[in-house]
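# Examining the three-dimensional arrangement
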Amino acid sequence: MKITRLFVFIFLLLSVSNITAQEFKLGKVTIAELQQKVHPKDSSASAAILYKRGKARIDYDQNDGFITVMDVETRIKIYNKEGYDWANQEVWYYYGTGFKEKVSISDAVTYNLAGGKIESTKLKSDGIFDEVINKYRSKKKMTMPNVKEGSVIEFKYTIKSPDVLIRDWDFQTSIPVNYSEFRTFVPEYFVFTPAQKGYVFPKVTSEKSSKSFIINSKERYNTGNFGGGATKTEFYQDKIDYMETQTIYLAENFPAMKDEAYVNNIDNYTSSVGHELSMTKFPNKPIKQLSTDWNSVVKTIYDYEDFGPELNKTGYFEEDVKKLLAGTNTPEEKIWVIFNHVKSNVKWNTYNGYSCDSGVKKAYKEKTGNIADINLMLTAMLRYAGLTANPVLVSTRSNGIALFPNRTAFNYVIAAVETPNGYVLLDASEKFSTPNVLPIRVLNWYGRLIRKDGTSEEINLMPEKTSGDNVFLTYSIDAEGKVTGKTRRQCLDYNAMVTRSNINSLKEEEYLDKLENNNGKIEISEYSKTNEKDILLPIIETYSFTGNNLCELIGGKIYVSPMLFFTNDKNPFKQEVREYPVDFSYPFADKYNITIQIPEGFAVETLPAPAAVNMEDNLGSFKFNIAASGNTLQLVISHQINEAIVSADKYEMLKEYYKNMIAKETEKIVLKKI
């Protein structure tokens with residue numbers, strides 16, 4: 001499978017251009033901004049960022065050494081009620097043991113027009129509060145006051161970090177951005193690798209200037225001989241001169257990011273810039289290479305005390321695993337019993353991360369842990385069983401694609417076992433996951449496998465095997481158009497995992513109510529499940545149904561879509577041009593075997609013709625066959641997509657394929673009285 005990465009550009013050298021930044025100041029909201037009813041370039045916009053300006057400065061602090069201070073100012077226009085959500089803002093920050101950032105919010109004001117004059121309402125302190133996200137992160141939240149249709153809000157926040165890091169900056173979001181400016185100020189001692197992604201890019205300029213900072217120091221000494229006399233303290237100041245590089249990124253009139261069907265995470269394609277610290281070069285010290293490539297990144301992560309050392313811990317599971325392995329002969333049997341043991345005994349606490357939270361020993365004892373606790377424990381057990389097992393670093397779909405070598409690209413870890421037939425990928429956090437059937441959240445292009453010797457390898461996370469969905473549908477139609485029938489649905493692999501999760505998430509009555517409402521308001525009876533808990537086998541659902549709204553009676557004739565509630569009736573691909581890859585999550589094959597009994601006294605007037613649609617490069621195919629024999633109609637239909645991710649250059653072909661498939665599936669069988 002090939003995945004197009006053309007939308008990504010890494011700028012190692014910054015272009016120089018003449019950029020004149022506009023003057024925006026907090027508190028200078030204009031009547032024209034408040035009077036504006038719609039965005040001039042996007043009338044559908046519910047809100048717009050009028051301007052957003054950020055500065056990331058690396059400064060020297062007398063107590064903490066080099067720190068990073070980031071100031072952000074933002075002004076947002078609210079056009080209608082759909083834009084009210086933009087009045088709720090949040091800023092995340094690190095707040096873990098030994099590493100704490102500080103966030104302060106100021107100048108938060110809502111502006112409205114009242115009697116032709118500008119009315120301002122300041123945000124009070126009780127409108128700002130903190131919320132813990134996980135062990136390492138918190139967020140400061142605020143709700144702007146007195147927001148109405150037409151309001152303009154603005155605010156400023158500052159993040160002080162006790163380390164040298166530059167946060168990612170987005171030039172686009174789900175609403176239009178009129179002006180976005182981001183500046184970085186980096187001393188010569190640090191080298192960052194900037195990386196831009198998206199389809200539209202800001203203008204970039206850079207310049208160098210001389211800077212300096214003062215280091216205060218003191219020295220105490222005794223003025224007498226042999227310890228006698230007074231103690232004297234002298235204070236010194238050293239002025240350190242250095243060169244600072246200022247880089248300016250400037251974006252104007254960037255359009256809103258429009259979410260499209262089958263996009264794994266729209267942020268993957270948003271215009272943004274990230275910075276990874278790749279080198280330090282202090283005077284009189286050797287140059288220190290950091291995250292210059294993936295091998296150096298994973299080595300750094302492996303050496304973290306809550307990763308590699310946790311992976312190597314023993315003495316807490318051996319007796320249990322010995323019992324499990326008794327009677328197993330093949331690697332597949334060993335993988336399954338250990339995998340199932342971890343899944344059954346240690347529950348996921350919903351926290352991600354490649355760093356252990358509780359630690360593997362505590363997680364095993366208390367039967368709960370985060371992703372790293374669970375899957376590093378799983379890897380250690382697999383190694384103990386004599387298998388070649390290693391952790392695989394992953395970035396989840398919600399976290400975005402790990403495109404550039406950096407330590408923050410990943411937020412998850414799974415296990416991989418090397419076998420003669422390839423890698424077996426495992427995630428013991430998901431109840432219904434099986435070997436090589438990972439949770440959907442993990443299916444995000446590529447992961448990074450780390451071996452004991454510190455080397456790494458790119459691992460394709462996207463499934464290549466098609467997941468089946470086989471439907472057997474038998475129904476009869478009476479003279480009034482009422483439909484009575486039976487359905488048997490068999491789901492395999494990823495379809496099975498998704499179906500089991502859907503069933504498990506609701507009580508049976510709630511699940512059936514949802515099934516009825518989503519399938520044309522049918523009434524379901526005699527519902528049963530097979531292999532619900534035996535997850536290595538396909539799950540099978542069987543039920544009887546009746547429906548009074550599945551046919552149309554017009555002029556004494558009966559019109560029916562032969563696939564009933566399984567009909568695909570809307571094309572998800574409506575855009576004229578597609579910029580992003582189409583992400584189906586996994587290849588699939590939907591097959592339908594349908595038998596229809598037409599009512600006595602009726603005959604077929606119109607029958608859809610057989611059809612076959614095949615896409616190039618074996619991307620997918622659709623087949624529709626129908627035959628009549630007396631009062632019985634027999635249909636065999638298949639719809640198959642063979643690639644999990646379809647590149648944007650195949651979008652037109654895919655769109656046309658779906659158009660033809662939907663046109664055929666929605667064709668009516670027409671029955672007339674005889």
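In this report, the structure presented in the accompanying data block is examined. In this text the structure is predicted, and so the values were computed from the model without any measurement.

This part covers empty space enclosed by the protein. This structure, assessed with the given rule, holds 1 cavity of 30 Å³ or more. Looking at the largest cavity, its volume works out to about 60 Å³. Lining the largest cavity are A56, T68, M70, E101, I159, S161, L165, I166 and R167. For the lining of the largest cavity, the secondary-structure elements that each account for two or more residues are β3 (65-78) and β10 (152-161). Here the lining of the largest cavity is composed, by residue class, of 5 nonpolar, 2 polar and 2 charged.

Counting through the fold element by element, N618 comes out in the loop between β34 (611-614) and β35 (620-629). Residues N618 and T595 lie 23 residues apart in sequence; the distance between their C-alpha atoms is 29 Å.

Turning to the sheet that holds strand β24 (residues 456-460), a few remarks are in order. Strands sit in the order β22-β21-β20-β23-β24 across an open sheet of 5 strands; the sheet is antiparallel. Lying at the two open borders of the sheet, with one neighbouring strand each, are β22 (422-426) and β24. The average undirected angle you get between the axes of adjacent strands in this sheet is 35°. Relative to β24, strand β23 (residues 446-450) runs antiparallel, the two sharing 5 bridges.

With that settled, the discussion passes to the packing of aromatic side chains. In this description, an aromatic ring pair is defined by two values, namely the gap between the centres and the angle between the planes. Scanning all chains against the criterion turns up 42 aromatic pairs. Between Y94 and F99 the ring centres are 5.7 Å apart and the planes differ by 75°, which places this aromatic pair in the edge-to-face class. Under the relative-accessibility criterion, Y94 is labelled partly exposed at 22%. The interplanar angle of 85° and the centroid separation of 6.4 Å between the aromatic rings of F573 and F584 together place this pair among those described as edge-to-face. Pair noted here: F573 is in the loop between β30 (557-560) and β31 (582-583) and F584 is in the loop between β31 and β32 (588-597), with a separation of 11 residues, a long-range link. Neither F573 nor F584 differs from the other in exposure class; each is buried.

It is the contact of helix α4 (residues 318-325) with helix α5 (residues 331-345), at a shortest axis distance of 10 Å, that shows an interaxial angle of 135°. Relative to α5, the element α4 is oriented oblique. You can see that α4 and α5 cross each other, and the crossing is right-handed. From α4, D320, V321, L324 and L325 reach across to α5, where they touch K334, V337, I338 and H341.

Time to look at unusual backbone geometry. Among all residues except glycine, the phi angle is most often negative; among peptide bonds, the trans geometry is most common. If you check the backbone angles, N146 has positive phi at about 55° while not being a glycine. The phi torsion at Y262 lies on the positive side, around 55°, for a residue other than glycine. Mapped onto the elements, Y262 comes out in the loop between β15 (231-254) and β16 (272-280). A relative accessible area of 37% means that Y262 is categorised as partly exposed.

Under the 1.5 Å per step criterion, the end-to-end length of helix α7 (residues 371-384) is 20 Å for 14 residues, consistent within 8% with the ideal 20 Å. Structurally, the start of α7 carries an N-cap: the backbone nitrogen of A372 is 3.3 Å from a side-chain oxygen of N370. Just downstream of α7 lies G386, where phi reads positive at about 90°.

Roughly 1300 Å³ of internal volume is contained in the second largest pocket. If you trace the second largest pocket, you find 39 residues lining it, with D469, R489, N519, F565 and F566 closest to the centre. Those elements giving two or more residues to the lining of the second largest pocket turn out to be β26 (483-491), α8 (493-504), α9 (508-518), β28 (539-547), β32 and α10 (651-665). Looking at side-chain class alone, the lining of the second largest pocket contains 19 nonpolar, 12 polar and 8 charged residues.

What follows concerns the pattern of salt bridges. Within the structure shown, the criterion is met by 28 salt bridges. Of the charged contacts in the structure, one is a salt bridge between D71 and R57, with a shortest N-O distance of 2.7 Å. Here D71 is found in strand β3, whereas its partner R57 is found in strand β2 (residues 47-61), with 14 residues between them in sequence. Relative accessible area serves as the criterion here: at 16%, D71 is assigned to the buried category. E576 serves as the salt-bridge partner of K655, at 3.9 Å between the closest nitrogen and oxygen. Of the two residues, K655 is situated in helix α10 and E576 in the loop between β30 and β31; the sequence distance between them amounts to 79 residues.

Conventions we followed
- Residues numbered from 1 in each chain as written.
- Predicted model: local features only at pLDDT ≥ 70, side-chain atom pairs only at ≥ 80, totals over all residues.
- Heavy atoms only, no water.
- 1 Å grid on protein atoms, 1.4 Å probe; cavity = no way out; pocket = protein on both sides within 12 Å on 5 of 7 lines; lining within 4 Å.
- Points joined across faces, edges and corners; volume = space filled by probe spheres on them.
- Helix = DSSP H or I, 4+ residues; strand = E, 2+ residues; numbered from the N terminus.
- Nonpolar A, V, L, I, M, F, W, Y, C, P; charged D, E, K, R; others polar.
- Pairing = 2+ DSSP bridges.
- Axes fitted to C-alpha atoms, helices over the stretch in contact; angles between N-to-C directions.
- Phe/Tyr/Trp six-rings, centres within 6.5 Å; stacked < 30°, edge-to-face > 60°.
- Buried < 20%, exposed > 50% of the residue type's maximum accessible area, 1.4 Å probe, protein only.
- Parallel < 35°, antiparallel > 145°, perpendicular 65-115°, else oblique.
- Left-handed = near helix turned anticlockwise from the far one by under 90°.
- Contact = heavy atoms within 4.5 Å.
- Expected span 1.5 Å × (residues − 1).
- Polar contact = N/O pair within 3.5 Å; in protein donor to acceptor, adjacent residues only side chain to side chain.
- Salt bridge = Lys/Arg side-chain N within 4 Å of Asp/Glu carboxyl O.

Interpretation note: all reported values are geometric properties and have no functional meaning in isolation.
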